[in-house]
Amino acid sequence: MTPFLRKLLGLNWLLLANMLALAIFGVVAIYSATYMREDSVSAEFWRKQANWVAVGFCAFMVTSLIDYRWVRWGALPMYLAGIGFLILTKFMGTKVYGSRSWLHLGPINFQPAQLAVVAGIMVLALFLSQFREMHPMLRLLLCGVIVGAPCLLILMQPDLGECIIWGPVLLALLFVGGIPLRYLICILLIVATAIPLAANLGLKAYQQERLTAFVHPEIDPRGASWAINQSLIAIGSGGWSGKGFKAPNTQIELGFLPATAVHNDYIFSAIGEQWGFVGGMFLVGAFGLLLLTCLFVAFFAGDQFGLLLVIGVTALIFTHVFQNIGMTISMLPITGVPLPLISYSGSFVLMIMFGLGIVNSVWVHRNALER
């Protein structure tokens with residue numbers, strides 16, 4: 001048996017099947033949320049998402065079959081490219097929902113913040129695995145520098161949602177990377193103390209309105225609280241089994257859910273209305289299975305570097321899922337974070353599939369060091 005065929009047969013097929021099932025369902029969900037629109041751009045959202053899924057699947061397969069240790073030399077160039085694109089976005093980016101976070105490069109439109117997060121995970125995994133004997137405080141300081149550069153540029157856009165994603169991802173990597181628990185508890189206490197200050201002094205006016213709408217949704221039901229209230233109505237009206245695929249007279253079709261965001265930020269609201277509690281639970285269950293599969297791969301990783309890479313990608317997906325679903329059911333403030341593999345997000349689908357390709361590569365090459 002050739003090495004290529006051995007690798008191909010050794011893929012984690014559960015991970016692959018689960019990822020594809022979620023991505024295909026995402027295309028269907030986007031179609032059901034936008035098919036009724038008259039403008040041609042909106043009608044093509046699901047086709048564009050399908051194209052990104054196809055490209056992402058190719059990236060997944062290639063990354064899966066290449067030894068993940070290539071990240072040792074590829075992480076820093078990707079990280080620097082992410083920083084460079086974030087700087088370009090500051091001057092040449094497109095403003096969406098008050099945030100200059102999208103960059104147009106010819107026919108490609110993407111969010112550099114997402115590339116920066118994935119590249120940051122790779123650099124952090126490399127650093128934490130290579131300098132395990134360094135003093136914990138110095139490791140924390142250097143990790144802060146690695147994360148701080150892209151975070152500062154993302155905050156300048158400002159894109160608070162993508163910046164928040166860094167928190168749980170960094171904590172997961174630090175914990176698994178061997179930073180003592182007392183240091184992590186101190187970090188959490190400092191962050192908890194700084195939140196009220198940041199909320200009152202560091203947020204833009206529209207971000208403060210979102211926070212107020214979260215705490216007091218009854219204050220401005222036709223303004224800042226409109227979107228979250230309509231999201232809750234849509235999910236609640238879906239009931240147990242939903243109103244059905246492409247059902248008429250829904251919150252989606254009648255335009256009560258924001259037409260500019262129902263296919264990305266509020267896609268779970270659309271799913272809850274059309275597929276109901278059952279559909280929502282199947283979706284959450286599929287994400288749960290995906291995350292458990294990733295943790296299973298982490299348990300059998302061949303080295304510390306592979307373990308950290310898998311934990312970083314798992315934390316990234318979990319944080320996005322938790323934040324997106326949490327904000328649509330009013331458990332968390334609105335931050336504009338997409339639902340992985342489901343929301344219309346173009347390049348983000350590619351980044352997530354690329355990250356899952358690294359996870360699969362860790363599984364395929366878990367015994368490479370022994371041979």
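Look above for the structure.
Residues numbered from 1 in each chain as written. Predicted model: local features only at pLDDT ≥ 70, side-chain atom pairs only at ≥ 80, totals over all residues. Heavy atoms only, no water.

J.: Hey, could you go over the overall build of the protein for me, with residue numbers and the actual values?
T.: Secondary structure summary: the protein contains 14 helices and 3 strands in total. Scored against the burial criterion, the 371 residues of the protein give a buried share of 50%. Considering only intrachain contacts with a sequence separation of at least 6, the fraction spanning at least 24 residues in the protein is 73%. (Helix = DSSP H or I, 4+ residues; strand = E, 2+ residues; numbered from the N terminus. Buried < 20%, exposed > 50% of the residue type's maximum accessible area, 1.4 Å probe, protein only. Contact = heavy atoms within 4.5 Å.)

J.: Summarise the side chain of Ser32; cite the residues concerned and give the values.
T.: Take Ser32: it is sitting in helix H2 (residues 13–34). Setting aside chain neighbours within four positions, we find Ser32 in contact with Phe245, Gln274 and Trp275.

J.: Would you mind going over the packing of helix H6 (residues 112–130) against helix H13 (residues 304–328) in detail, with residue names and values included?
T.: Axis separation between H6 and H13 bottoms out at 9 Å; the angle between their running directions is 150°. It follows from the interaxial angle that H6 and H13 lie roughly antiparallel. Viewed along their axes, H6 and H13 form a crossing whose handedness is right-handed. Mapping the contact onto sequence places Val117, Val118, Ile121, Met122, Ala125, Leu126, Leu128 and Ser129 in H6 and Gln304, Phe305, Leu308, Leu309, Gly312, Val313 and Leu316 in H13. Considered class by class, the residues forming the contact of H6 with H13 number 12 nonpolar, 3 polar and no charged. (Axes fitted to C-alpha atoms, helices over the stretch in contact; angles between N-to-C directions. Parallel < 35°, antiparallel > 145°, perpendicular 65-115°, else oblique. Left-handed = near helix turned anticlockwise from the far one by under 90°. Nonpolar A, V, L, I, M, F, W, Y, C, P; charged D, E, K, R; others polar.)

J.: Break down a nonpolar patch on the surface for me, with residues and values.
T.: Together, Leu232, Phe318, Phe322, Ile329 and Met331 line one region of the surface with nonpolar side chains, adding up to about 460 Å² of accessible area. Relative to the assigned elements, Met331 resides in the loop between H13 and helix H14 (347–364). On the accessibility criterion, Met331 (51% relative accessible area) is exposed. (Patch = residues over 30% accessible without salt bridge, like charges linked within 9 Å, V, L, I, M, F, W, Y side chains within 5 Å. Areas by Shrake-Rupley, 256 points an atom, 1.4 Å probe, with all protein chains shown as cover. Salt bridge = Lys/Arg side-chain N within 4 Å of Asp/Glu carboxyl O.)

J.: Outline the pattern of salt bridges, listing residues and values.
T.: On inspection of all chains with the given rule, the structure shows 4 salt bridges. The salt bridge involving Arg69 is made with Asp67; its shortest N-O contact spans 2.8 Å. In this structure, Arg69 engages Asp303 in a salt bridge whose closest nitrogen and oxygen atoms are separated by 3.7 Å. With Arg69 in the loop between helix H4 (45–65) and helix H5 (71–92) and Asp303 in the loop between helix H12 (267–299) and H13, this residue pair connects regions lying 234 residues apart in the sequence. A single network of salt bridges, built from pairs that share partners, joins Asp67, Arg69, Arg72 and Asp303.

J.: For the nonpolar core, give the residues involved together with the corresponding values.
T.: Counting 101 residues, the largest nonpolar core has Met122, Leu341 and Leu356 as the members making the most contacts within it. Sorting elements by how many residues they give to this core places H6 first, with 14 residues. Each residue touching Met122, except ones within four places of it in the same chain, is listed here: Trp70, Val71, Gly74, Ala75, Met78, Phe305, Leu309, Phe354 and Ile358. Counting residues in hydrophobic clusters, the runner-up holds 6 residues, among them Ala227, Ile228, Ala261 and Tyr266. (Core = buried A, V, L, I, M, F, W, Y, C linked by side-chain atoms within 4.5 Å.)

J.: Outline the environment of Phe57, listing residues and values.
T.: Inspection of the secondary structure assignment puts Phe57 in helix H4. The partly exposed category is assigned to Phe57, whose relative accessible area is 27%. Sequence separation between Phe57 and Leu356 is 299 residues, and the spatial gap between their C-alpha atoms is 9.9 Å. In this structure, Phe57 is in contact with Leu16, Met19, Leu20 and Met353, ignoring residues within four places of it in sequence.

J.: Explain H12 to me, and be specific about the residues and the numbers.
T.: Its 33 residues give H12 an end-to-end C-alpha distance of only 32 Å, which falls more than 12% under 48 Å, the value for a rise of 1.5 Å per residue. At Trp275, H12 shows its maximal kink, close to 125°. (Expected span 1.5 Å × (residues − 1). Bend = angle between axes of the 7 residues up to and from the residue.)

J.: Describe unusual backbone geometry, and please don't skip the residues or the numbers.
T.: Here Ser330, not a glycine, exhibits a phi torsion of approximately 65°, which is positive. By secondary structure assignment, the location of Ser330 is in the loop between H13 and H14. In this model, Leu341 sits at a positive phi of 70°, which is unusual for a non-glycine residue. Its place among the elements puts Leu341 in the loop between H13 and H14. Residue class for Leu341 comes out buried when judged on its relative accessible area of 0%.

J.: How would you sum up the packing of aromatic side chains? Please name residues and give values.
T.: A complete count under the given rule lists 16 aromatic pairs for this structure. Aromatic pair Phe45 and Tyr344: ring centres 4.6 Å apart, planes at 45°, arrangement tilted. Remark: Tyr344 occurs in the loop between H13 and H14 and Phe45 occurs in helix H4; sequence separation between them is 299 residues. With a centroid separation of 5.9 Å and 40° between ring planes, the pair formed by Phe245 and Trp275 is classed as tilted. In this pair, Phe245 is assigned in the loop between helix H11 (226–237) and H12 and Trp275 in helix H12, connecting sequence segments 30 residues apart. (Phe/Tyr/Trp six-rings, centres within 6.5 Å; stacked < 30°, edge-to-face > 60°.)

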